[in-house]
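The chain contents come next:
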Amino acid sequence: MSGKGDIRIERSSGNVFADLGRPDPDLHLLKAGLVSRIDQIIRERRLTQVRVAEILGISQPDVSRLLRGNFRDYSVERLLRLLTSLGRDVEIVIRKPRARRQGRLSIEAI
């Protein structure tokens, strides 16, 4: 049955940025994960955006933009520095992939 009201469902690749055809989808997914962790820390600590801005050394409007997903201009390195400013340790682990494939970027927040 195929009518006007039919909904087309497409399986995700697991990376919304790749699904949308964005350039550098793995990098965007990594950054989104880092920003998500920043947001989680802020919520756990019940910090205001003004206080977060003071801690991070950025403006409150920049905090707002970052938390709304406007992180394109932030490098991974800068996002990692923001996490350390929020009192988190950051470790970077490089290992061989489990299968024969291209390496990938991922985040594990504990």
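Residues numbered from 1 in each chain as written. Predicted model: local features only at pLDDT ≥ 70, side-chain atom pairs only at ≥ 80, totals over all residues. Heavy atoms only, no water.

**Describing the layout of surface pockets**
Working step 1: What the largest pocket holds in volume is close to 1100 Å³.
Working step 2: For the largest pocket, the lining is made up of 26 residues, of which Glu-91, Val-93, Ser-106, Ile-107 and Glu-108 are closest to its centre.
Working step 3: For the lining of the largest pocket, the secondary structure elements donating two or more residues are α2 (25-45) and α5 (76-85).
Working step 4: Of the residues in the lining of the largest pocket, the class split is 14 nonpolar, two polar and 10 charged. (1 Å grid on protein atoms, 1.4 Å probe; cavity = no way out; pocket = protein on both sides within 12 Å on 5 of 7 lines; lining within 4 Å. Points joined across faces, edges and corners; volume = space filled by probe spheres on them. Helix = DSSP H or I, 4+ residues; strand = E, 2+ residues; numbered from the N terminus. Nonpolar A, V, L, I, M, F, W, Y, C, P; charged D, E, K, R; others polar.)

**Here we look at the environment of Val-90**
Working step 1: Here Val-90 is to be found in the segment after α5.
Working step 2: It is 10 Å that separates the C-alpha atoms of Val-90 and Glu-108, two residues lying 18 residues apart in sequence.
Working step 3: In contact with Val-90, other than residues within four places in its own chain, are Leu-80, Leu-83 and Thr-84. (Contact = heavy atoms within 4.5 Å.)

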